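Structure assessment
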Amino acid sequence: MIRSIDEMEVAGRRLVVRADLNVPMEGGRVTDATRIARFAEGMRRLLDRGAALVVLSHFGRPKGPDPALSLRVLCDPLSHALGRPVRFAALDEAGAEAAWLEPGQVLLVENLRFDPGEEANDPALARRLAALGDIYVNDAFSCAHRAHASTEAIAHLLPAVAGPLMVGELTALRKALEAPARPSAAIVGGSKVSTKIGVLQHLVARVDHLILGGGMANTFLYAAGAPMGRSLHEADQAGTVARIRDLAARSGCTIHLPVDAVVAREFRAGAAARTLPADACPEDAMILDAGPASVAAFTRVLEGARTILWNGPLGAFEIPPFDAATMALARVAADLTRGGTVVSVAGGGDTVAALNAAGVADCFTYVSTAGGAFLEWLEGRTLPGIAALSRAQEKV
């Protein structure tokens with residue numbers, strides 16, 4: 001078990017908190033403060049209990065110090081979200097600044113990736129970070145798949161616990177896959193089977209129904225003999241498809257593919273499109289979305305489920321009219337969640353964007369903003385940041 005910071009006495013103690021404040025920026029301004037707001041919600045409770053916070057994060061992929069990727073610009077939005085001032089310090093000044101923190105105060109440390117020791121999981125950098133406080137709090141599930149100094153090495157040097165966001169994420173993900181209410185259904189979309197082989201193999205062994213969409217579904221249809229025209233698909237993955245189908249059959253998982261498809265000769269907004277059987281794509285056209293009969297069939301699967309796990313769109317949802325299937329099924333899942341009949345968990349960048357576009361992200365039981373960490377968890381991998389917290393419990 002991983003302990004939560006909520007179980008610990010924090011009054012008068014400095015918490016070294018690993019956050020993920022890698023938010024989208026444009027013109028030096030934050031364009032989407034969702035991650036900041038979600039992080040601040042849990043941190044406000046700790047500040048109210050008398051803790052001081054030393055906040056660590058990365059931003060972008062700098063090759064050394066880069067003023068354009070400084071975290072200083074986040075002081076104002078983080079201060080607004082926390083409802084109190086946020087001080088800022090470069091890494092080599094952080095020790096002195098942290099020593100002066102009073103209960104309820106916050107210090108934001110400069111972009112950790114300005115120091116090459118961060119991504120190298122350098123023990124020396126980890127010791128410098130650990131010296132900033134009394135308890136290490138990992139509140140960045142989205143970074144837990146990386147063995148970095150601020151996510152792995154530091155957890156061996158201080159009492160190490162999970163933050164509120166981390167606890168919420170792990171609880172939701174475990175409930176959706178490790179101990180789901182049955183029947184359980186997973187929706188997996190995206191462009192390529194080859195990028196999600198591990199995900200598919202892990203899921204078919206653990207869920208009752210697997211709904212496939214996007215280029216991934218095209219590859220399964222092609223392996224079954226369906227013409228693809230100019231559709232995105234992987235002709236060299238027939239063996240992989242066969243292995244996944246075999247594993248699903250042995251595990252009692254039913255794979256659901258589109259029965260009809262929206263096809264067009266051009267991939268552009270407003271392109272002329274028509275709906276055909278999924279095995280009737282013309283040579284000069286491409287499949288860009290699942291059709292209405294597919295949505296109806298997928299809806300019946302979800303209506304019979306008690307757990308829904310979603311990763312990836314059903315089509316080229318970025319451009320209408322090829323967003324129809326993804327939008328429709330997202331609203332179905334949201335309605336079922338609101339009705340209390342299912343637990344719904346979704347994650348992945350495109351998935352979150354699609355749910356936001358459908359206006360239903362707030363209606364799911366849990367929506368993960370993690371990208372790579374979410375996918376690695378779906379594959380059943382051990383995430384270094386989580387493993388480090390598990391091993392650290394004897395120090396708490």
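Since the structure is predicted, the reported quantities are computational estimates derived from the model, not experimental observations. (Residues numbered from 1 in each chain as written. Predicted model: local features only at pLDDT ≥ 70, side-chain atom pairs only at ≥ 80, totals over all residues. Heavy atoms only, no water.)

This part covers the packing of aromatic side chains. According to the stated counting rule, one finds 3 aromatic pairs in the structure shown. Measuring from ring centre to ring centre gives 6.1 Å for F374 and W377, while their planes differ by 40°; the resulting arrangement is tilted. Of this pair, F374 and W377 both sit in helix α12 (residues 372–378), 3 residues apart, which is roughly one turn of that helix. Judged by relative accessible area, which is 10%, W377 ranks as buried. In this structure, R38 is placed above the aromatic ring of Y366, and the distance from its NZ or CZ to the ring centre is 5.5 Å. (Phe/Tyr/Trp six-rings, centres within 6.5 Å; stacked < 30°, edge-to-face > 60°. Helix = DSSP H or I, 4+ residues; strand = E, 2+ residues; numbered from the N terminus. Buried < 20%, exposed > 50% of the residue type's maximum accessible area, 1.4 Å probe, protein only. Lys NZ or Arg CZ within 6 Å of the ring centre and 35° of its normal.)

Our focus in this paragraph is the packing of helix α1 (residues 34–48) against helix α2 (residues 75–82). Remark: α1 packs on α2, axes separated minimally by 8 Å, with the N-to-C direction vectors making an angle of 55°. Comparing the axis directions of α1 and α2 gives the class oblique. Remark: the crossing between α1 and α2 carries right-handed chirality. Contacts from I36, F39, A40, M43, R44 and L47 in α1 reach P77, L78, A81 and L82 in α2. (Axes fitted to C-alpha atoms, helices over the stretch in contact; angles between N-to-C directions. Parallel < 35°, antiparallel > 145°, perpendicular 65-115°, else oblique. Left-handed = near helix turned anticlockwise from the far one by under 90°. Contact = heavy atoms within 4.5 Å.)

Attention now goes to the side chain of S150. With respect to the helices and strands, the residue S150 is situated in the loop between β7 (135–138) and β8 (160–162). Accessibility expressed as a relative area gives 0% for S150, which makes it buried. Separated by 2.7 Å, the side chains of S150 and R18 make a polar contact. Side-chain polar atoms of S150 contact the side chain of E118, separated by 2.7 Å. Those residues in contact with S150 that lie beyond four places of it in its chain are R18, L56, L112, E118, L129 and Y136. (Polar contact = N/O pair within 3.5 Å; in protein donor to acceptor, adjacent residues only side chain to side chain.)

This paragraph deals with the environment of R250. With respect to the helices and strands, R250 occurs in helix α8 (residues 238–251). A sequence separation of 46 residues divides R250 from V204, and the C-alpha atoms of the two residues are 9.3 Å apart. A distance of 3.0 Å separates the side chain of R250 from the side chain of D246, its partner in a polar contact.

Let us look at the sheet that holds strand β13 (residues 273–277). If you trace the 3 strands from one edge of the open sheet to the other, you get β13-β12-β14, paired in antiparallel fashion. Whereas interior strands pair on both sides, the edge strands pair on one side only; in this sheet they are β13 and β14 (286–290). Sheet twist, expressed as the mean angle between neighbouring strand axes with direction ignored, is 40°. Set on the sheet, helix α9 (residues 292–303) makes contact with β12 (260–264), β13 and β14; between it and β12 the angle comes to about 145°. (Pairing = 2+ DSSP bridges.)

Moving on, we get to the sheet that holds strand β5 (residues 86–89). The strand order across the open sheet formed by 6 strands is β5-β6-β4-β1-β7-β8, and the pairing between neighbours is parallel. Only two strands of the sheet have a single neighbouring strand rather than two, namely β5 and β8. On average, each strand axis in the sheet is inclined to that of its neighbour by 25°, with strand direction left out of account. Both strand β1 (residues 14–18) and β7 contribute to a ladder of 4 bridges, which runs parallel. For L15, the partnering residue across the bridge sits in β7 and is I135. Docked against the sheet, α2 engages β5 and β6 (106–109), running at close to 150° with respect to β5.

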